[in-house]
Amino acid sequence: MKSKLIAINGEFFCRNLTGIERVAIDTTLELDKLFPPDRLELILPSNAKNVPQYKNIKCVSLPVAATFFPKWTQVDFQKYVLKNKRLSLDFSNTCPYFAPGIEFLHDIYGRLYADDFKSRRDKFIRLYSNIMYKRIAKKAKKIIAVSEYTKKTIVETYKISPEKVCVVYDGLGSYKKIEPDFSVFERLPQLKEKDFYFTLGSLSTRKNLKWIAKNAQLFPDAFFAVSGKPLPSMVAPEIEAIKTLPNVVMTGYLSDGEVKALLSKAKAFVFPSYFEGYGLPPLEALSCGAPIVISNRTSLPEIYGKCAHYIDPDEPNVDIKALLKEPVEAPDELLKKFTVENSARKLAGLIKEVQGF
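The shown structure was predicted, so the numbers you read here are calculated from the model rather than taken from an experiment. (Residues numbered from 1 in each chain as written. Predicted model: local features only at pLDDT ≥ 70, side-chain atom pairs only at ≥ 80, totals over all residues. Heavy atoms only, no water.)

(A) Region of the structure containing the overall build of the protein chain. Helix and strand counts for the protein chain stand at 14 helices and 13 strands. By the compact-globule yardstick of 21 Å for 357 residues, the protein chain fits well, its C-alpha radius of gyration being 21 Å. Out of the 357 residues belonging to the protein chain, those deemed buried represent 56%. Within the protein chain, counting contacts between residues at least 6 apart in sequence, those at least 24 apart form 67% of the total. Carbon together with sulfur atoms contributes 54% to the accessible area of the protein chain, which is approximately 16,300 Å² in total. Where the 53 positive side-chain charges of the protein chain centre and where its 41 negative ones centre are 8 Å apart. (Helix = DSSP H or I, 4+ residues; strand = E, 2+ residues; numbered from the N terminus. Rg over C-alpha atoms; globule rule 2.2 N^0.38 Å. Buried < 20%, exposed > 50% of the residue type's maximum accessible area, 1.4 Å probe, protein only. Contact = heavy atoms within 4.5 Å. Areas by Shrake-Rupley, 256 points an atom, 1.4 Å probe, with all protein chains shown as cover. Lys, Arg positive; Asp, Glu negative; His and termini not counted. Charge placed at Lys NZ, Arg CZ, Asp CG, Glu CD.)

(B) Geometry of helix α14 (residues 340–355). Taking 1.5 Å of rise per residue, 16 residues should cover 22 Å, and α14 covers 22 Å from first to last C-alpha, within 8% of that figure. Among the residues of α14, Val340, Ser343, Ala344, Leu347, Ala348, Leu350, Ile351, Val354 and Gln355 are the ones counted as buried. Mapping the buried residues of α14 onto a view down its axis gives an arc of 170 degrees, with all of them on the same face. Taken from the residues just after α14, glycine 356 is the one with a positive phi, measuring 95 degrees. (Expected span 1.5 Å × (residues − 1). Arc of directions from axis to C-beta.)

(C) Looking closely at the pairing of strand β5 (residues 102–105). Residues Ile102 and Phe104 of β5 are buried on one face, and the alternating residues Glu103 and Leu105, pointing to the opposite face, are buried as well. As paired elements, strand β4 (residues 87–90) and β5 share two bridges and run parallel to each other. When the bridges of β5 are listed, leucine 89 appears paired with isoleucine 102. By the bridge criterion, four bridges tie β5 to strand β6 (residues 142–145) in an arrangement that is parallel. Among the inter-strand pairings, isoleucine 102 is bridged to a residue of β6, identified as lysine 142. (Pairing = 2+ DSSP bridges.)

(D) How the structure looks around the sheet that holds strand β8 (residues 197–199). Spatial strand order, β10-β9-β8-β11-β12-β13: six strands in an open sheet with parallel pairing. Only two strands of the sheet have a single neighbouring strand rather than two, namely β10 (248–252) and β13 (309–311). Looking at each pair of strands side by side, their axes are set apart by 25 degrees on average, direction ignored. Pairing of β8 with strand β11 (residues 268–271) involves two bridges; the strand directions are parallel. Directly across from tyrosine 197, in β11, lies its bridge partner alanine 268. Seen against the sheet, helix α7 (residues 209–218) touches β8, β9 (224–227), β10, β11 and β13 and runs at an angle of roughly 160 degrees to β9. (Axes fitted to C-alpha atoms, helices over the stretch in contact; angles between N-to-C directions.)

(E) How the structure looks around the nonpolar core. Counting residues in hydrophobic clusters, the biggest one holds 66 residues, and the most contacted among them are Leu31, Leu89, Phe196, Phe198, Tyr304 and Ile351. Take this core: its biggest share by element is six residues, from α14. Setting aside anything within four residues of it in sequence, one finds phenylalanine 196 in contact with Phe185, Leu191, Phe223, Ala225, Leu262, Lys265, Ala266, Lys267 and Ala268. Listed in part, the 19 residues of the second largest apolar core include Leu209, Ala222, Leu245 and Val318. (Core = buried A, V, L, I, M, F, W, Y, C linked by side-chain atoms within 4.5 Å.)

(F) Fine view of the environment of lysine 152. Tracing the backbone shows lysine 152 in helix α5 (residues 148–158). The partly exposed category is assigned to lysine 152, whose relative accessible area is 49%. The spatial distance from the C-alpha of lysine 152 to the C-alpha of proline 162 is 8.0 Å, given a sequence separation of 10 residues.

(G) Seen up close, the pattern of salt bridges. In this structure the tally under the stated criterion is 17 salt bridges. One salt bridge in this structure joins glutamate 41 and arginine 86, with 3.0 Å as the shortest N-O distance. Of this pair, glutamate 41 sits in strand β2 (residues 40–44) while arginine 86 sits in the loop between α2 (71–83) and β4, and the two are 45 residues apart along the sequence. Between glutamate 258 and arginine 187 there is a salt bridge; the shortest N-O distance is 3.7 Å. Highlighted residues: glutamate 258 in helix α9 (residues 256–265) and arginine 187 in helix α6 (residues 184–187), separated in sequence by 71 residues. (Salt bridge = Lys/Arg side-chain N within 4 Å of Asp/Glu carboxyl O.)

Encoded structure:
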């Protein structure tokens, strides 16, 4: 495998922008600064959008769209990798089955929380995810975990050597350049400055919306703004129940600028998720000046240390107002540590090691 060109799976340019996609886009931009020409390729579906100009990474567009999951990775991208003898780099918990290379495993959620996948669609996603987790664990040339917690779960679950798994923490990149869009307060006049708690993320089961709903019931003077798109795995009664609460506003879709505006004016960012491989939203909140109230489970204490107020995701009877009076450390050093520049430098070192340069 030494001296092979790296082929980056560019499917992330075809998907909705979530944490994984943002990390992939920002990290690829940084890798472009760290490698000379003819070392990295970015393999793009025909429906890739908003692809930046690169100086050193060669973009290769294939005449096929990434639409039907998981055809792009398992047919089109894989065919390119095998035919051209490339080494794949995938950011998104997937790999070409017959040619796994350097592969990110942000978490193994589907393996650890089977009961969260209820619909037929979700069960298919879980099945495919579990196949990918195991294939990456057993056959990848190098596995990239985004936290020591994730590394530990991969090693223990799949009984592999810890030496095969390298931790590359996520970091903030382009998010820092986004301008707040304060017009969101005209659309949501119920939200008053420093008088609401804010939470966001896909409204999947692990994000633990029921904690917000129960806390809002127990503390009617607390006001919550909840952003995120419901997923099929979300328990419908929880959504319906929370809509009836007078002290919760479901904001619907928010742009990055609107999210930053709300974070900058919120009393705190609340993140009761009971499972995270890393957990990027609290870092984004800290960068906007919002205190964070987060779960004490999985990777979150590892990442946020003494800069967060912690809650038990199974115990919603928490007076957040009182909790926020407890002292925490300023996040300055945390924000310096978790940057996309630092992430890309470590990833670049691993790529060079595998390539043999």
